[in-house]
Amino acid sequence: MARIVQPAGQPAPTNAPNAPDAPASNDAAGQANFDAIIAKDSRVEPKDWMPEAYRRSLVRQISQHAHSEIIGMQPEANWITRAPSLKRKSILMAKVQDEAGHGLYLYSAAETLGTTRDDMMDALVAGKARYSSIFNYPTVTWADMGAIGWMVDGAAICNQVPLCRASYGPYGRAMVRVCKEESFHQRQGFEILLELAHGTPEQKAMAQDAVNRWYAPSLMMFGPPDDDSPNSKQSMAWNIKRFSNDELRSRFVGMLAEQVKVLGLTLPDSEIRFNEDTKKWEYGPLDWEEFKEVLAGRGPCNAQRLERRRSAHEDGAWVREAAAAYHDKQLAKQAAEQKAAA
Amino acid sequence: MSEGTSTEGATAAAGAGAHRWPLWEVFVRSSRGLSHVHAGSLHAPDASMALRNARDLYTRRNEGVSIWVVPSDAIAASDPDSKGAFFESPQGKDYRHATYYTKSEGVKHL
Ligand SMILES: [Fe+2]
Ligand SMILES: [Fe+2]
């Protein structure tokens, strides 16, 4: 709690921190300090006083982000055993391993806010936590590995680069680390599509089909339209979010529209255009009903993803127990040695 | 990543549950001649597992030549709220900086 230091030689204000008023006064000082940090666009650190709503909002966002990284390993892990070459298999394993790392960086960041890793894990396997709806779509061909890298990781990068400047220090630092690793993810995906697009007609058709299926879901990764995104405004006022959902989505469409030409493929949206007046990229309508359905747990793979996470967690229980037992044994051994030496 | 988790993270992680792994802070030396720098934190049952996990989590791309792991609750941290009182005021202490000494301006190699 903030201590109020009374400048020497000035009369104490009538609401000086006397015992009964102390908590409220401290909150007021903490709030003032917090407001000053936000106004200066500085960073809030774990031990700083922060409004409860700010803390709650961060816990929600960071843990959802962490869950997305962890669940996001599944659609791609699905193809590790069937990657077309040893090189592609190595690359895919490295990428999936990175996603695990991203999840761990983010869980650590969320923990600095006072929530425990176990609570977050429990909420996820109990189906009480949300994660990005994109990972509830199936990966049906090898080309999906290309489309995911290019579009899903691409959208994630657009979202995450501004988050490197999020007002909460540990979140921003985790994002810096994540962003450094993401660019490889996007490039390897692009390369998969590029090679398929220059392969046989069947391979090219497979690449086009993957782009067609992943296009709309990847656009929806930025979240609902601005007029239907209740938390956005507050999040931007707190300098957590720097750009609105629609703003980021429009930028992303612009990048895709250029890059798809290099692939020699097309995007399944005839309404993409650059609006010279607004200087923004525009695109066709998205199916927000589908988005809500998937988010509510009724997507094609929701049940499968959660079940997999649950069983992986349960299957790993003996490893966690063994590690703890080994640690206890080492401690007992140390104690016995110390006793013998004494 | 969780700089400053020494209190929050550790108390949170040390709650109920017999087999809850403690939190460790990870410091990585990126190359010889440089200091170890805080990279982030992780959970592990003991120091040797913490080192292995730190290697896998924070040095997948040659980011380091040496790693330290420290139990988070072993770190003592200054109170962020006592900023004014704890850190000596730099006011009126310009003479601690080279720029304070202006008379020698123009003198070479000084
Ligand atoms: Fe990631
Ligand atoms: Fe990624």
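As shown above, the structure is provided for reference.
Calculation criteria
- Residues numbered from 1 in each chain as written.
- Chains lettered and ligands numbered in written order.
- Predicted model: local features only at pLDDT ≥ 70, side-chain atom pairs only at ≥ 80, totals over all residues.
- Heavy atoms only, no water.
- Donors = N, O, S within 2.8 Å, 3.2 Å for Na, K, Ca; no water.
- Helix = DSSP H or I, 4+ residues; strand = E, 2+ residues; numbered from the N terminus.
- Pairing = 2+ DSSP bridges.
- Axes fitted to C-alpha atoms, helices over the stretch in contact; angles between N-to-C directions.
- Salt bridge = Lys/Arg side-chain N within 4 Å of Asp/Glu carboxyl O.
- Buried < 20%, exposed > 50% of the residue type's maximum accessible area, 1.4 Å probe, protein only.
- Tetrahedral: all angles 85-135°; square planar, octahedral: opposite > 155°, others 65-115°.
- Disulfide = S-S within 2.5 Å.
- Phe/Tyr/Trp six-rings, centres within 6.5 Å; stacked < 30°, edge-to-face > 60°.
- Lys NZ or Arg CZ within 6 Å of the ring centre and 35° of its normal.
- Expected span 1.5 Å × (residues − 1).
- Bend = angle between axes of the 7 residues up to and from the residue.

## Some remarks on the coordination of the iron ion (ligand 2)
Residue and element names in this part refer to chain A.
Then, number 1: Only Glu99 (OE), Asp153 (OD), Glu182 (OE), Glu182 (OE) and His185 (ND1) from the protein coordinate the iron ion (ligand 2), and they sit 2.0 to 2.7 Å from it.
Then, number 2: One chain supplies every donor to the iron ion (ligand 2), and in sequence these donors are spaced E-x53-D-x28-E-x2-H.
Then, number 3: In this structure the iron ion (ligand 1) is found 3.3 Å away from the iron ion (ligand 2), and Glu99 serves as a bridging donor for the pair. Remark: His185 occurs in helix H7 (residues 169-197) and Asp153 occurs in helix H6 (residues 143-163); sequence separation between them is 32 residues.

## Overview of the sheet that holds strand E2 (residues 36-43) of chain B
All names here are of chain B.
Then, number 1: Taken together, the 3 strands give an open sheet; going across it, the order is E2-E1-E3, and neighbouring strands pair in antiparallel fashion. For this open sheet the edge positions go to E2 and strand E3 (66-71), each flanked by a neighbour on one side alone. Along the sheet, successive strands turn relative to each other by an average axial angle of 25°, direction set aside.
Then, number 2: Across 6 bridges, strand E1 (residues 23-29) lies against E3 in antiparallel orientation. Across the sheet, Trp24 pairs through a bridge with Pro71, a residue of E3.

## Points about unusual backbone geometry
Then, number 1: One non-glycine residue with positive phi stands out, namely Asp41 of chain A, at about 55°.
Then, number 2: Within the fold, Asp41 of chain A resides in the loop between helix H1 (22-39) and helix H2 (52-71).
Then, number 3: A positive phi is found at Asn62 of chain B, a non-glycine position, where the angle reads about 60°.

## What about the pattern of salt bridges?
Residue and element names in this part refer to chain A.
Then, number 1: For the structure shown, the criterion picks out 26 salt bridges over all chains.
Then, number 2: Salt-bridge contacts for Lys95 lead to Glu76; the nearest nitrogen and oxygen are separated by 2.7 Å. In this pair, Lys95 is assigned in helix H4 (residues 86-111) and Glu76 in helix H3 (residues 73-77), connecting sequence segments 19 residues apart.
Then, number 3: Judged by relative accessible area, Glu76 falls into the buried class, the value being 3%.
Then, number 4: Of the charged contacts in the structure, one is a salt bridge between Lys292 and Asp228, with a shortest N-O distance of 3.6 Å. Placement of the pair is Lys292 in helix H11 (residues 288-298) and Asp228 in the loop between helix H8 (201-220) and helix H9 (232-237), with a sequence separation of 64 residues.
Then, number 5: Classification of Asp228 as partly exposed rests on a relative accessible area of 38%.
Then, number 6: The structure contains a network of salt bridges with shared partners spanning Glu76, Lys95, Glu99 and Asp153.

## Brief notes about the coordination of the iron ion (ligand 1)
All names here are of chain A.
Then, number 1: In this structure, Glu69 (OE), Glu99 (OE), His102 (ND1) and Glu182 (OE) serve as the protein donors to the iron ion (ligand 1), at separations of 2.1 to 2.3 Å.
Then, number 2: Each of the 4 donor atoms bound to the iron ion (ligand 1) contributes to angles spanning 83 to 156°, and the resulting shape is irregular.
Then, number 3: In terms of primary sequence, the donors binding the iron ion (ligand 1) are separated according to E-x29-E-x2-H-x79-E.

## Description of the state of the cysteines
Each disulfide consists of one covalent bond between the sulfur atoms belonging to two cysteines.
Residue and element names in this part refer to chain A.
Then, number 1: Inspection of every chain in the model, using the stated rule, returns 0 disulfides over all chains.
Then, number 2: With no disulfide partner, Cys164 has as its closest neighbouring cysteine sulfur the one in Cys179, 3.7 Å distant.
Then, number 3: By relative accessible area, which is 22% here, Cys164 ends up partly exposed.
Then, number 4: Given a relative accessible area of 17%, Cys179 falls into the buried group.

## Here we look at the packing of aromatic side chains
Then, number 1: Taken as a whole and assessed by the stated rule, the structure comprises 12 aromatic pairs over all chains.
Then, number 2: With a centroid separation of 4.8 Å and 70° between ring planes, the pair formed by Phe34 of chain A and Tyr54 of chain A is classed as edge-to-face. Of this pair, Phe34 of chain A sits in helix H1 while Tyr54 of chain A sits in helix H2; the two residues are 20 residues apart in sequence, bridging distant segments of the chain.
Then, number 3: With a relative accessible area of 0%, Tyr54 of chain A lands in the buried category.
Then, number 4: Considering the side-chain rings of Tyr95 of chain B and Tyr100 of chain B, the 6.2 Å spacing of their centres and the 75° angle between planes classify their relative orientation as edge-to-face.
Then, number 5: Judged by its relative accessible area of 40%, Tyr95 of chain B is partly exposed.
Then, number 6: One aromatic cluster in this structure is built from Phe34, Tyr54 and Trp238 of chain A.
Then, number 7: Positioned above the aromatic ring of Trp79 of chain A is the side chain of Arg82 of chain A, whose terminal nitrogen or guanidinium carbon lies 4.1 Å from the ring centre.

## Topic: H7 of chain A
Think of an α-helix as turning once every 3.6 residues; residues three or four places apart then point the same way.
Then, number 1: Look at H7 of chain A: 42 Å from first C-alpha to last across 29 residues, which is about the 42 Å you get at 1.5 Å a residue.
Then, number 2: The sharpest bend along H7 of chain A reaches about 30° and sits at Glu181 of chain A.

## Observations concerning the environment of Ala77 of chain A
Then, number 1: Within the secondary structure layout, Ala77 of chain A lies in helix H3.
Then, number 2: Placed 18 residues apart in sequence, Ala77 of chain A and Lys95 of chain A show a C-alpha to C-alpha distance of 9.5 Å.

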